[in-house]
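Structural features, examined
Chain by chain, the residues run as shown.
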Amino acid sequence: MRARDLMSAPVVTVHPWAPVKEAAAVLSEHRFTALPVVDDDERLIGIVTEADLIRGRIPADARTAHQRPEIPSVAETSVEQVMTTPVTAMSSGTDVADLCQALVDAKIRAMPIVDGSRLVGIVTRGDVVRVLAREDSAISADVRHRLEIYGGTGRWKVEVHEGVVRIVDRYDDKTDRHVASLLALAVPGVVGAETVSSREDPWS
């Protein structure tokens, strides 16, 4: 799978001159964890997260304030003042495996997807988890559809268990079996795939 297969588009964004309160309202309304920041030409210039918005913005209880480090008396008011910049982004053709590794390694929850510097989508951890949760029956139907387009109907037997696909090919063509596995691996929700010929399948 590629990032384009998972990304949400169009993307809800915010401008750098927008008030912090506006960004907070958008995140709350849509239940997002991060909001890309773009200029007038939709070029990605930053990202504002829940952590960015809450950092230092809630006054300490007056009864314990004297026990805490002194904080500025005036909080930042614009998105530009609190956003993270520069921001990590990836292209729509990025392998989802690489994208997931980047989310984990960088400990971030959302990855903006760009075409050059222009924002075209976003992929979140939640998007990946929803794909992993796809029903085996839905995965099987998608795999069968792709295989029928490639090699015709009646040729393939498809079984899916916990996202792992097993394909039985009626013909003995090594190249076609390789392509069939690649097609299956491109289906959202597939975590592994193998293709065997019918003579290698004890149930055929």
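Quick note: structure is the one above.
The following paragraphs examine the structure supplied in this document. (Residues numbered from 1 in each chain as written. Predicted model: local features only at pLDDT ≥ 70, side-chain atom pairs only at ≥ 80, totals over all residues. Heavy atoms only, no water.)

1. Points about the sheet that holds strand β5 (residues 118-124)
Spatially, three strands are ordered β3-β4-β5 in an open sheet, and the strand pairing comes out mixed. Two strands close off the open sheet at either side, each with one partner strand: β3 (90-91) and β5. In this sheet, β5 lies alongside strand β4 (residues 110-115) in antiparallel orientation, the contact comprising six bridges. Note on β5: the bridge partner recorded for A110 is T124. Sitting on the sheet, helix α5 (residues 96-106) touches β3, β4 and β5, and the angle it makes with β4 is about 135 degrees. (Pairing = 2+ DSSP bridges. Helix = DSSP H or I, 4+ residues; strand = E, 2+ residues; numbered from the N terminus. Contact = heavy atoms within 4.5 Å. Axes fitted to C-alpha atoms, helices over the stretch in contact; angles between N-to-C directions.)

2. So, the sheet that holds strand β6 (residues 156-161)
Sheet architecture is open: three strands sit in the order β6-β7-β8, paired in mixed fashion. The outermost strands of the open sheet, each flanked by one partner alone, are β6 and β8 (192-197). Averaged over all pairs of adjacent strands, the angle between strand axes in this sheet comes to 15 degrees, irrespective of strand direction. For strand β7 (residues 164-169) and β8, the ladder comprises six bridges, and the chain directions are parallel. Looking across to β8, one finds that V164 is bridged to G192. Strand contacts of helix α7 (residues 136-151): β6 and β7, with the helix running at about 155 degrees to β6, the strand carrying the most contacts. Lying on the sheet, helix α8 (residues 174-185) is in contact with β6, β7 and β8; it crosses β8 at an angle near 155 degrees.

3. Focus: the pairing of strand β2 (residues 44-49)
Where strand β1 (residues 34-38) meets β2, five bridges bridge the pair, whose relative direction is antiparallel. Across the sheet, residue V37 finds its bridge partner in β2, namely G46. Joining the antiparallel neighbours β1 and β2 is a turn of five residues, in which E42 adopts a positive phi near 65 degrees.

4. Re unusual backbone geometry
Cis geometry marks the peptide bond from A9 to P10, where omega comes out at -5 degrees. Relative to the assigned elements, P10 resides in the loop between α1 (3-6) and α2 (20-30). Phi is positive for R31, close to 60 degrees, though the residue is something other than glycine. Within the fold, R31 resides in the loop between α2 and β1. Although it is not a glycine, E162 adopts a positive phi angle of roughly 55 degrees. You can see E162 is positioned in the loop between β6 and β7.

5. Topic: the side chain of D52
For D52, the position within the fold is in helix α3 (residues 50-54). For D52, a relative accessible area of 7% corresponds to the buried category. Of the polar contacts made by the side chain of D52, one reaches the backbone nitrogen of T49; its length is 2.9 Å. At a separation of 3.3 Å, a polar atom in the side chain of D52 contacts the side chain of T84. In contact with D52, other than residues within four places in its own chain, are I47, V82, M83 and T84. (Buried < 20%, exposed > 50% of the residue type's maximum accessible area, 1.4 Å probe, protein only. Polar contact = N/O pair within 3.5 Å; in protein donor to acceptor, adjacent residues only side chain to side chain.)

6. Overview of α8
Residue pairs three or four apart in sequence face the same way in an α-helix, which turns once every 3.6 residues. Spanning 12 residues, α8 covers 17 Å between terminal C-alpha atoms, matching the ideal 16 Å at 1.5 Å per step. Every buried residue of α8 is accounted for by D176, R177, A180, S181 and A184. Buried residues in α8, looked at end-on, bunch into an arc of 140 degrees, giving them a common side. Looking at where α8 begins, the residue whose side-chain oxygen comes 3.0 Å from the main-chain nitrogen of T175 is D173. (Expected span 1.5 Å × (residues − 1). Arc of directions from axis to C-beta.)

7. Observations regarding the pattern of salt bridges
Inspection of every chain in the model, using the stated rule, returns nine salt bridges. Notably, a salt bridge pairs R109 with E50, separated by 3.8 Å at the nearest N-O pair. Of this pair, R109 sits in the loop between α5 and β4 while E50 sits in helix α3, and the two are 59 residues apart along the sequence. Between R155 and D169 there is a salt bridge; the shortest N-O distance is 2.6 Å. Taken together, the residues R155 in the loop between α7 and β6 and D169 in strand β7 connect sequence positions 14 residues apart. The class for D169 is buried, based on a relative accessible area of 0%. Taken together, the shared-partner salt bridges in this structure form one network comprising D39, D41 and R43. (Salt bridge = Lys/Arg side-chain N within 4 Å of Asp/Glu carboxyl O.)

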